[in-house]
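Reading the structure
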Amino acid sequence: MSSENSSADDARQVWDVVVVGAGPAGASAAYAAAVAGRRVLLLEKAELPRYKTCGGGIIGPSRDALPPGFELPFRDRVHAVTFSNNGRFTRTRRSRQMLFGLINRPEFDQQLVEHAQKAGAELRTGVTVQRVEQHGSTVPDRRTVAVVLQGGEVVLARAVVGADGSASRIGAHVGVKLAQVDLGLEAEIPVPETVAEDWKGRVLIDWGPMPGSYGWVFPKGDTLTVGVISARGEGAATKRYLEEFIGRLGLAGFEPSISSGHLTRCRADDSPLSRGRVLVCGDAAGLLEPWTREGISFALRSGRLAGEWAVRIAEAHDAVDTRRQALNYAFAVKAGLGVEMSVGKRLLTAFERRPGLFHAALTGLRPAWRAFKEITQGSTSLGEIVRTYPIAQRALAALDRRPAAAAEVSSSE
């Protein structure tokens, strides 16, 4: 940018990149753009730190996407997983190396934001974005986006990144389309030391009673994060599953410090990732793994990509160049995260029909457990496994072909 343009921008305070939402996706985008030396503004409607409904599992791909020097605030390190199929056929598998770590989201998110600030991003909290405009009286020229705040204030930017969560206003502007919506319910349960000790270093994953549902227990010191997730529209059954799950675990006598719910939204294959000079990432783009609904690694990775491409869009001088950069961003997301999502979608379809088969494989077949370990540790991905191992391709193809009637069999497994 020339000094002439720069001084004109200063008079109107035009930011290079404005990021909406300071969760993992937004903080990663702000960090990536700020590290590139751009003027970055990060807007967040809540005051930080703030609570977020989330299991808080940090798998290998999440660790790899963090800024250099980021010290993970682990509450526990997981070396064992107990699997159960709706409370039955319980089996624990162990690993010498750590499988993944567990964090509390308020601490983790706050730390990510601090890294973005250290890189040069400016943070404003307590700010609600009403809409973005790319044409009209609020927009001084074609290279500028107007971010309209509650109360009428207008913030101008050369590029905008929408990272404002699963009910995203920026996502609505871009036209994000959703293919899968799930309801997650969670309780943070403080427990006595003796109970906490029993869970130390071990998580529980329970394949649930509704198609595609599962529950989890993640230990975090003196608190257990206990949650369940299932397709939206099964609210009463999902709530009942959580209550029964907590009761079955012997935790019903302990009062949760927080009980919360959250909708996770997964994008349709043809859903856009940009419109003009506006990009979306993380939950705002519907980016998460459809089977496990793991979203932190998708938020961190897509946020970093969005920040890097927002810098290029900020530098674009016309609509053609802007479009080219936005398409490159979409290609980068689909080439990595998109491949994982398409495999995850096929796994979810198979899992909905045959949860017992998945349980038997993970608890009884060494290659299935090894794949689980390698994915959580970050040495491979779902997409990589299917690409590399012909046996995985054949197994997935066989699962694809199984008739829906097979679902009836799973209840007896």
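A brief look at the structure comes next. (Residues numbered from 1 in each chain as written. Predicted model: local features only at pLDDT ≥ 70, side-chain atom pairs only at ≥ 80, totals over all residues. Heavy atoms only, no water.)

Before going further, it helps to spend a moment on the overall build of the protein chain. When helices and strands are counted, the protein chain shows 14 helices and 18 strands. Computed over its C-alpha atoms, the radius of gyration of the protein chain comes to 22 Å, within 12% of the 22 Å expected for a compact globule of 413 residues. Overall, the protein chain is about 70 × 45 × 40 Å in size when its C-alpha atoms are taken along their principal axes. Expressed as a percentage of the 413 residues in the protein chain, the buried residues total 55%. Working note: accessible area of the protein chain is about 18,000 Å², and carbon and sulfur atoms make up 52% of it. Computed over 52 positive and 45 negative side-chain charges, the separation of the two mean positions in the protein chain equals 6 Å. (Helix = DSSP H or I, 4+ residues; strand = E, 2+ residues; numbered from the N terminus. Rg over C-alpha atoms; globule rule 2.2 N^0.38 Å. Buried < 20%, exposed > 50% of the residue type's maximum accessible area, 1.4 Å probe, protein only. Areas by Shrake-Rupley, 256 points an atom, 1.4 Å probe, with all protein chains shown as cover. Lys, Arg positive; Asp, Glu negative; His and termini not counted. Charge placed at Lys NZ, Arg CZ, Asp CG, Glu CD.)

The next point concerns helix α8 (residues 296-315). Residues separated by three or four positions in an α-helix point in the same direction, a consequence of the helix having 3.6 residues per turn. End to end, α8 covers 29 Å across 20 residues, agreeing with the expected 28 Å (1.5 Å per residue, within 8%). Taken across its 20 residues, α8 has 16 buried, putting it largely inside the fold. (Expected span 1.5 Å × (residues − 1).)

Attention shifts here to the nonpolar core. Val18, Phe108, Val147, Val160 and Tyr329 are the most contacted members of the largest nonpolar core, which totals 73 residues. Those residues in contact with valine 18, other than ones at most four positions away along the chain, are Leu41, Leu43, Val147, Val155, Leu156, Ala157, Ala159, Val160 and Val161. Formed by 28 residues, the second largest nonpolar core is a distinct cluster that contains Phe100, Trp216, Phe218 and Leu382. (Core = buried A, V, L, I, M, F, W, Y, C linked by side-chain atoms within 4.5 Å. Contact = heavy atoms within 4.5 Å.)

Strand order in the open sheet formed by seven strands is β6-β5-β13-β14-β15-β12-β16, and the pairing between neighbours is mixed. Only two strands of the sheet have a single neighbouring strand rather than two, namely β6 (88-94) and β16 (258-267). Within this sheet the neighbouring strands show an average axis-to-axis angle of 20°, counted without direction. For strand β12 (residues 178-190) and strand β15 (residues 223-231), the ladder comprises nine bridges, and the chain directions are antiparallel. Residue pairing in the sheet places aspartate 182 in a bridge with alanine 231 of β15. (Pairing = 2+ DSSP bridges. Axes fitted to C-alpha atoms, helices over the stretch in contact; angles between N-to-C directions.)

Here the focus is unusual backbone geometry. For the peptide bond that leads from leucine 48 to proline 49, omega is -5°, which places it in the cis range. The backbone phi angle of phenylalanine 89 is positive, close to 50°, even though this residue is not glycine. Considering the arrangement of structural elements, one finds phenylalanine 89 in strand β6. Of note in the backbone geometry, arginine 293 takes a positive phi value of approximately 60° without being a glycine.

Next up on the list: the layout of surface pockets. What the second largest pocket holds in volume is close to 440 Å³. At four residues, the largest contribution of residues to the lining of the second largest pocket is made by helix α9 (residues 319-353). Its residues assigned to classes, the lining of the second largest pocket shows four nonpolar, nine polar and eight charged. (1 Å grid on protein atoms, 1.4 Å probe; cavity = no way out; pocket = protein on both sides within 12 Å on 5 of 7 lines; lining within 4 Å. Points joined across faces, edges and corners; volume = space filled by probe spheres on them. Nonpolar A, V, L, I, M, F, W, Y, C, P; charged D, E, K, R; others polar.)

Under the defined criterion, the tally for this structure stands at 14 aromatic pairs. Ring centres 6.2 Å apart and planes at 85° place the aromatic pair phenylalanine 83 and tryptophan 369 in the edge-to-face group. Here tryptophan 369 lies in helix α11 (residues 366-377) and phenylalanine 83 lies in strand β5 (residues 80-85), a separation of 286 residues in the sequence. Here phenylalanine 83 matches tryptophan 369 in class, with each residue buried. (Phe/Tyr/Trp six-rings, centres within 6.5 Å; stacked < 30°, edge-to-face > 60°.)

This part covers the pattern of salt bridges. Think of it this way: side chains of opposite charge can pair up when their charged atoms draw near. Inspection of the entire model under this criterion finds 16 salt bridges. Of the charged contacts in the structure, one is a salt bridge between arginine 387 and glutamate 384, with a shortest N-O distance of 2.6 Å. Of this pair, arginine 387 and glutamate 384 both sit in helix α12 (residues 382-388), three residues apart, roughly one helical turn. With a relative accessible area of 52%, arginine 387 lands in the exposed category. Owing to a relative accessible area of 32%, glutamate 384 belongs among the partly exposed residues under this scheme. Three or more residues joined by partner-sharing salt bridges are found here, namely Arg50, Arg105 and Asp109. (Salt bridge = Lys/Arg side-chain N within 4 Å of Asp/Glu carboxyl O.)

A few words now on the environment of glutamate 153. Summarising the element assignment, glutamate 153 is placed in the loop between β10 (145-149) and β11 (154-162). Setting aside its immediate chain neighbours within four residues, glutamate 153 contacts Arg124, Val147 and Val148. In terms of polar contacts, glutamate 153 uses its side chain to reach the side chain of arginine 124, at 3.0 Å. (Polar contact = N/O pair within 3.5 Å; in protein donor to acceptor, adjacent residues only side chain to side chain.)

Mapped onto the elements of the fold, glycine 21 is located in the loop between β1 (14-20) and α2 (24-35). Spatially, the C-alpha atom of glycine 21 lies 22 Å from that of glycine 338, the residues being 317 residues apart in sequence. Ignoring anything within four residues of it in the chain, the contact list for glycine 21 reads Gly26, Ala27, Leu42, Leu43, Glu44, Ala163 and Asp164.

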